[in-house]
Amino acid sequence: MSALSTRINNLSESQTIKMAKMGRELAAKGVDVISLSFGEPDFHTPEHIKEAAKKAMDQNYTYYTPVAGYPELRKAVVAKLKNENNLDYDFSQIVVSTGAKQAIANAVLCLVNPGEEVIIPTPYWVSYSEVVKLAEGVSVFINTTVEQNFKITPEQLEAAITPKTKLFMFSSPCNPTGSVYSKDELEGLAKVFEKHPHVYILSDEIYEHINYIDKHESIAQFDYIKDRVVIINGWSKAFAMTGWRIGYTASSKEIATACDKMQGQITSGTCSITQRAGVAAYEGGLETVLEMRAAFKKRRDIVYKLLSEIDGIKLNLPDGAFYFFPNVTSFFGKSYNGKTIKDADELSIYLLEEAHVATVGGDSFGDPTSIRISYAAAEDKLIEAVKRIKEALGKLK
C-alpha cells in the first residue's frame, strides 16, 4: 500500500518537463537532439537586468522580503499596468510570486472550493487542470479546433456555465496554440460574464509582449467584470528570465489578501535579488523585448512555411507566443519499423526517437489530436528540425 497521498497520486507529471527530460537523456548518449519541447526563450537575460541583480547583492538585498513582494516592485507593476494596459491598480492589489505558475496556484487555491467547476478552453497549458485537481475542483472543458483558431465563442462559454461554475481560466496569447483574443472577442466573453456574477476569470497574460498583430488586450479592461478578473503575468517570457522565477497576480484587494495569506504559508516572499532585477526590467523600457519579439516573428514565418509544406499536417498561423499546435490525426494508424502511431503522444515520442526532435504530445494540453512545437530556437536549428520531422513523417505508411 502506498504511503503517498491520494492528492499526489492523482496528479499527472508535467508532459512538457517529461519530454524535455527524455530529450536530455537521449542527448546525453551522444545523439544530436533538437529540443522544441520547452516554452523557454533561447535569448539571454538583458544586461541591464543582470547588472541590477549584481548591484542588489552588493547593496545587501539578501534578507527576507515581504510575502507579496517589495513595495517598489509592486509599484513598478502598477505603473506597467497603467502605462501599457491602461489598467488602474493599487500596489496592495499586486502579489509577487515565485513564477507565474505559483501565482496561478495561489489564485485557484484561494478561489475554488471542492466540487466547484472551473471552465477551461482546450487546448490549455498543462498545469491548469492539475492545479484544479489540487483545489479539488472539477474541470469543465470547452473544446476548440484549429479551424476556429483555437478560440471559444460567447455561445460556447454561455453553454458551459452552471450554478456550480466558480472560475474560468484561459491564456491570451495562448500556450500551446499561440492564439490571441482581440478586444472585440474579449468583449463578447465579458458580456457573458456580466450576466453571471458568481464566475471569476483567471487571465493568463504571461506571453503579453510576444504578440504579432496589435497591442495586447486584457479582459480586465471591462470595468463591469474587472473586480472578478485575476491577471497572471511575469517576466519570464518577455525578458528571457525563466530561471529567475518571478511572476505576479493583479486582482481585487480581497483576492490579493488571500493570495498573500496562502503564499505566506508555502514559500513566503520571492527571491530578493530576483525582485530587484524585476524592478530594473519594468523600469528599463521595452527595447530588448521588441528585439526578441521581432526575432520570434521571423522564426514563426520560417517555420510556418516549412510546416505548411508537409503533407498531412493541418495548422493555422499563430498570432502570438512561440508555438505551433498542428493537427496530426492523418498520421494515426500509420506505421514504420513495426511501430504503429496510435495518438499524438506516440507521434511525439516517434519524432524524438526517429527524427531526434523533441516536441510535446497534445493530450496533456487537452487536445489529443495535435502536437506542440516550440520555435524558441535558433533559425538554423528550426530549419533542420522541420526537415527531420518531414523526413520522419514521410516514413509512416
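Residues numbered from 1 in each chain as written. Predicted model: local features only at pLDDT ≥ 70, side-chain atom pairs only at ≥ 80, totals over all residues. Heavy atoms only, no water.

1. Some details on the layout of surface pockets
And then number 1: Empty space within the largest pocket amounts to approximately 550 Å³.
And then number 2: Lining of the largest pocket is provided by 27 residues; of these, Gly-39, Lys-101, Trp-125, Lys-237 and Arg-245 occupy positions nearest its centre.
And then number 3: Of all the elements in the fold, those that place two or more residues in the lining of the largest pocket are helix H2 (15–28) and helix H5 (100–111).
And then number 4: In the lining of the largest pocket, the residues fall into 13 nonpolar, 8 polar and 6 charged.
And then number 5: Taken together, 18 residues make up the lining of the second largest pocket; nearest its centre are Leu-11, Ser-12, Val-126, Ser-127 and Glu-130.
And then number 6: Looking at the lining of the second largest pocket, the elements with two or more residues in it are H2, H5 and helix H6 (127–134).
And then number 7: The element that contributes the greatest number of residues to the lining of the second largest pocket is H6, accounting for 5 residues.
And then number 8: Looking at the lining of the second largest pocket residue by residue, the classes come out as 7 nonpolar, 7 polar and 4 charged. (1 Å grid on protein atoms, 1.4 Å probe; cavity = no way out; pocket = protein on both sides within 12 Å on 5 of 7 lines; lining within 4 Å. Points joined across faces, edges and corners; volume = space filled by probe spheres on them. Helix = DSSP H or I, 4+ residues; strand = E, 2+ residues; numbered from the N terminus. Nonpolar A, V, L, I, M, F, W, Y, C, P; charged D, E, K, R; others polar.)

2. Brief notes about the packing of aromatic side chains
And then number 1: Enumeration according to the criterion identifies 20 aromatic pairs in this entry.
And then number 2: Measuring from ring centre to ring centre gives 5.4 Å for Phe-43 and Phe-296, while their planes differ by 85°; the resulting arrangement is edge-to-face. Of this pair, Phe-43 sits in the loop between strand S1 (34–35) and helix H3 (47–58) while Phe-296 sits in helix H11 (residues 287–308), and the two are 253 residues apart along the sequence.
And then number 3: Relative to Phe-324, the ring of Tyr-304 has its centre 6.3 Å away and its plane inclined at 15°; by these criteria the two rings are stacked. Of this pair, Tyr-304 sits in helix H11 while Phe-324 is found in strand S9 (residues 323–324), placing the two residues 20 residues apart along the sequence.
And then number 4: Among the aromatic side chains, those forming a connected cluster through ring pairs are Phe-43, Tyr-207, Phe-296, Phe-322 and Tyr-323.
And then number 5: Positioned above the aromatic ring of Phe-91 is the side chain of Lys-75, whose terminal nitrogen or guanidinium carbon lies 5.3 Å from the ring centre.
And then number 6: Over the ring of Tyr-89 we find Lys-226, and its NZ or CZ is 4.2 Å from the ring centre. (Phe/Tyr/Trp six-rings, centres within 6.5 Å; stacked < 30°, edge-to-face > 60°. Lys NZ or Arg CZ within 6 Å of the ring centre and 35° of its normal.)

3. Focus on the environment of Leu-26
And then number 1: Here Leu-26 is to be found in helix H2.
And then number 2: The spacing of Leu-26 and Pro-318 is 292 residues in sequence and 30 Å in space, taken between C-alpha atoms.
And then number 3: Those residues within four positions of Leu-26 in sequence are excluded, and the remaining contacts are Val-31, Val-33, Leu-352 and His-356. (Contact = heavy atoms within 4.5 Å.)

4. Looking at the sheet that holds S9
And then number 1: Strands sit in the order S9-S14-S13 across an open sheet of 3 strands; the sheet is antiparallel. Of all strands in the sheet, those bounded by a partner on one side alone are S9 and strand S13 (360–361).
And then number 2: For S13 and strand S14 (residues 371–374), the ladder comprises 2 bridges, and the chain directions are antiparallel. The residue bridging Gly-361 from the neighbouring strand is Ile-371, located in S14. (Pairing = 2+ DSSP bridges.)

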